[in-house]
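Reading the structure
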Amino acid sequence: MTTTRLPGTVTPQAFRDAMATVASPVAVVTAMDGPRPHGTTVSAFTSLSLTPPMVLVSLDNRSRLLATVRRTGRFGLNILGTRQAALAAAFARTGEDKFDDVLWSPSHDLPRLPGSAAWLTAEVDEYVTAGDHTLLLAHVRTAEPGEEGPGPLTHHQRSFGTHLPLAPQPPTGPSARTETP
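Residues numbered from 1 in each chain as written. Predicted model: local features only at pLDDT ≥ 70, side-chain atom pairs only at ≥ 80, totals over all residues. Heavy atoms only, no water.

Considerations on the overall build of the protein chain
Helix and strand content of the protein chain: 3 helices and 12 strands. The buried share of the protein chain, reckoned over its 181 residues, is 34%. Long-range pairs, those at least 24 residues apart, make up 64% of the contacts in the protein chain with a sequence separation of at least 6. With an accessible surface of roughly 11500 Å², the protein chain has 57% of that area assigned to carbon and sulfur atoms. (Helix = DSSP H or I, 4+ residues; strand = E, 2+ residues; numbered from the N terminus. Buried < 20%, exposed > 50% of the residue type's maximum accessible area, 1.4 Å probe, protein only. Contact = heavy atoms within 4.5 Å. Areas by Shrake-Rupley, 256 points an atom, 1.4 Å probe, with all protein chains shown as cover.)

Here it is in structure tokens:
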């Protein structure tokens, strides 16, 4: 079977390769389904609004977590730090046993992971289907800084890493010239 593409369309692999060049923050989205915690790693989330405080989170349409969030209307966002790459990898895999052997505690009745760079709780205002994902537009109800660490966990070129600020650089270019008398 051959696949026909319209002129100007891109292959999924070309799109993946291009997007791999973008460094993305990493978080674990969590929710409770009765007494059972659920969670998944995401790199597609961002702040959406300051007034009122809102975030945007993207979840795969086939995600069990998305089904749980649709039922409960809320989720936790554990924004990860560099020391949590193994945790990000564990929550990125499929299966229902992601919380096996993972320390967590309830916070605002949602699963909170210790050591995260920040913790948010949010209530979904709107679900927007976009291709094979659903965007959660959510009002932030809790925002707390977590443990300080060397930097945020990022995903870039298909691996976990970090971003550290650059040291200040001296100005260059025409505005940096000094005239001598």
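Quick word on the environment of threonine 68
Looking at the element boundaries, threonine 68 is found in helix α2 (residues 64–72). Along the sequence, threonine 68 and histidine 38 sit 30 residues apart, while their C-alpha atoms lie 8.0 Å from each other.

Some words on the packing of aromatic side chains
In this structure the tally under the stated criterion is 2 aromatic pairs. Each ring, one from phenylalanine 91 and one from phenylalanine 99, has its centre 4.9 Å from the other, and the planes form 80 degrees; the classification is edge-to-face. Their ring planes at 70 degrees and their centres at 5.8 Å tell us that phenylalanine 99 and tryptophan 104 sit as a pair that is edge-to-face. For phenylalanine 99, a relative accessible area of 11% corresponds to the buried category. Among the residues examined, tryptophan 104 registers a relative accessible area of 30% and is labelled partly exposed. Linked through ring pairs, Phe91, Phe99 and Trp104 together constitute an aromatic cluster. Directly above the aromatic system of tyrosine 127 lies the positively charged group of arginine 70, at a separation of 4.7 Å from the ring centroid. (Phe/Tyr/Trp six-rings, centres within 6.5 Å; stacked < 30°, edge-to-face > 60°. Lys NZ or Arg CZ within 6 Å of the ring centre and 35° of its normal.)

So, the pairing of strand β2 (residues 27–33)
In the case of a regular strand, side chains alternate between the two sheet surfaces. Burial within β2 is extensive, with 6 of its 7 residues counted as buried. Two strands pair when backbone bridges link them, and β2 and strand β3 (residues 36–42) are joined in this way by 7 bridges, in the antiparallel orientation. Its bridge partner being in β3, aspartate 33 is matched across the sheet by arginine 36. Taking the residues between adjacent antiparallel strands as the criterion, β2 and β3 are bridged by 2 residues, where glycine 34 takes a positive phi near 65 degrees. Both β2 and strand β6 (residues 74–79) contribute to a ladder of 4 bridges, which runs antiparallel. (Pairing = 2+ DSSP bridges.)

Describing the sheet that holds β2
Pairing is antiparallel across the open sheet formed by 7 strands, whose spatial order is β3-β2-β6-β9-β10-β5-β4. Taken across any chain shown, the strands that pair with only one partner, and hence form the sheet edges, are β3 and β4 (45–49). The average angle at which neighbouring strand axes cross in this sheet is 35 degrees, direction not considered. Here β6 runs beside strand β9 (residues 118–130); their pairing, made up of 6 bridges, is antiparallel. Residue phenylalanine 75 lies in a different strand from β9, and its bridge partner there is alanine 122. On the sheet, α2 packs against β2, β3, β5 (54–60), β6, β9 and β10 (133–145) and is oriented at approximately 55 degrees with respect to β2. (Axes fitted to C-alpha atoms, helices over the stretch in contact; angles between N-to-C directions.)

A closer look at helix α3 (residues 85–92)
Those residues of α3 not exposed but buried are Leu87, Ala88 and Phe91. Projected onto a plane normal to the axis of α3, the buried residues spread over an arc of 100 degrees and lie on a single side. (Arc of directions from axis to C-beta.)

Here's the deal with the side chain of serine 58
When you line up the elements, serine 58 lands in strand β5. We classify serine 58 as buried; its relative accessible area is 13%. The residues contacting serine 58, other than those within four sequence positions of it, are Val42, Ala44, His133, Thr134 and Leu135.

Structural measurements only, silent on function.
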